[in-house]
Amino acid sequence: EIKACLFDLDGVIVDTAKYHYLAWQQLANGLGISFTEEHNELLKGVSRMRSLDIILELGNTTLADDEKMKLATQKNEIYLSYIQRMKDDELLPGVKEFIEEIRNKGIVVALGSASKNARLILKQLHIEELFDAIIDGNEVTQAKPDPEVFLKGAEALQVESRSCVVFEDAIAGVEAAKNAGMACIGVGDPKNLSEADQVISGFEGFNLKQLATFLSDKN
Ligand code: BG6
Ligand code: MG
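Residues numbered from 1 in each chain as written. Chains lettered and ligands numbered in written order. Predicted model: local features only at pLDDT ≥ 70, side-chain atom pairs only at ≥ 80, totals over all residues.

If you check an unreviewed UniProt entry, the protein chain appears there as Beta-phosphoglucomutase from Sunxiuqinia elliptica. Taken directly from UniProt, the Sequence similarities (unreviewed entry) text for the protein chain runs: "Belongs to the HAD-like hydrolase superfamily. CbbY/CbbZ/Gph/YieH family." (UniProt positions renumbered as here; feature names shortened; annotations may be inferred.)

**Q** Explain the site of ligand 1 here, please?
**A** Close to ligand 1 lie 18 residues, the nearest being D10, R48, S115, K116 and N117. Per-class residue counts for the shell around ligand 1 are five nonpolar, nine polar and four charged. (Near = placed C-beta within 6 Å. Nonpolar A, V, L, I, M, F, W, Y, C, P; charged D, E, K, R; others polar.)

**Q** Would you explain the packing of helix α3 (residues 48-58) against helix α4 (residues 65-83) in this entry?
**A** For any two helices packed against each other, the geometry is given by the interaxial angle and the distance between the axes. One can describe the packing of α3 onto α4 by two numbers: an axis separation of 10 Å at closest approach and a directional angle of 110°. Comparing their axes, α4 and α3 come out roughly perpendicular. Contact with α3, carried on its side by R48, M49 and L52, involves K68, L71, A72 and N76 of α4 and no other residues of that element. Taken together, the residues of the contact of α3 with α4 break down into four nonpolar, one polar and two charged. (Axes fitted to C-alpha atoms, helices over the stretch in contact; angles between N-to-C directions. Helix = DSSP H or I, 4+ residues; strand = E, 2+ residues; numbered from the N terminus. Parallel < 35°, antiparallel > 145°, perpendicular 65-115°, else oblique. Contact = placed C-beta atoms within 7 Å.)

**Q** Whenever I open this one, the sheet that holds strand β2 (residues 108-112) confuses me. Can you help?
**A** Within a beta sheet, neighbouring strands are joined by backbone hydrogen bonds and run either parallel or antiparallel to one another. Spatial strand order, β3-β2-β1-β4-β5-β6: six strands in an open sheet with parallel pairing. Two strands bound the open sheet, and with one partner strand each, they are β3 (133-135) and β6 (198-200). Recorded for the sheet is a direction-independent mean angle of 25° between the axes of neighbouring strands. Of the pairings in the sheet, the one linking strand β1 (residues 4-7) to strand β4 (residues 164-168) comprises four bridges and is parallel in character. (Pairing = 2+ DSSP bridges.)

Pasting the structure below:
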């Protein structure tokens with residue numbers, strides 16, 4: 001029985017991946033490192049500092065910790081300049097309706113995001129009240145694929161892992177859900193998300209009945 005759904009933010013609820021990409025690209029270019037959309041896939045679901053490390057590795061660059069802190073702050077300022085202009089219509093199609101549907105049917109809902117900007121983004125999109133619990137990058141010490149973010153979400157909702165379903169677009173996020181002992185629906189391209197129990201291309205037309213069918217097929 002499904003009692004709780006946990007949602008990743010970036011790439012599941014809102015398409016912020018493009019803003020992360022633009023901001024990292026601007027930073028990488030400044031360092032003389034070429035950074036492509038393909039490289040960007042490696043950063044999905046990954047923390048800010050780890051993302052910077054990956055970019056520096058791509059450019060065979062090593063920097064002192066204080067330099068890295070400065071760069072991470074700089075990236076976030078660029079990112080925030082995009083986020084602050086974001087409008088409600090940048091919510092991914094159907095996701096708000098899906099969350100409203102499951103909540104109406106008694107399922108509790110949490111956010112489980114690696115982002116330290118998660119609350120700001122939810123506010124900006126006017127969807128903070130859709131979540132019974134919010135666990136974000138400020139509350140976790142272990143990054144996905146560690147299950148911490150989802151285990152904390154389930155704890156906040158007071159639901160056991162086996163009654164939780166996670167929605168994720170990142171490989172590391174699907175692994176985190178599996179490590180938490182939860183069912184996982186991948187959102188995006190099936191070839192990246194083969195570890196998920198099912199993959200959907202998006203939430204348009206998706207409903208609780210379909211979700212229940214997916215999960216009963218699995219058992
Ligand atoms: C994840 C994104 O949700 O959050 C990553 O997929 C991002 O791309 C990470 O790096 C951390 O986000 P922030 O907003 O704290 O820099
Ligand atoms: Mg994501």
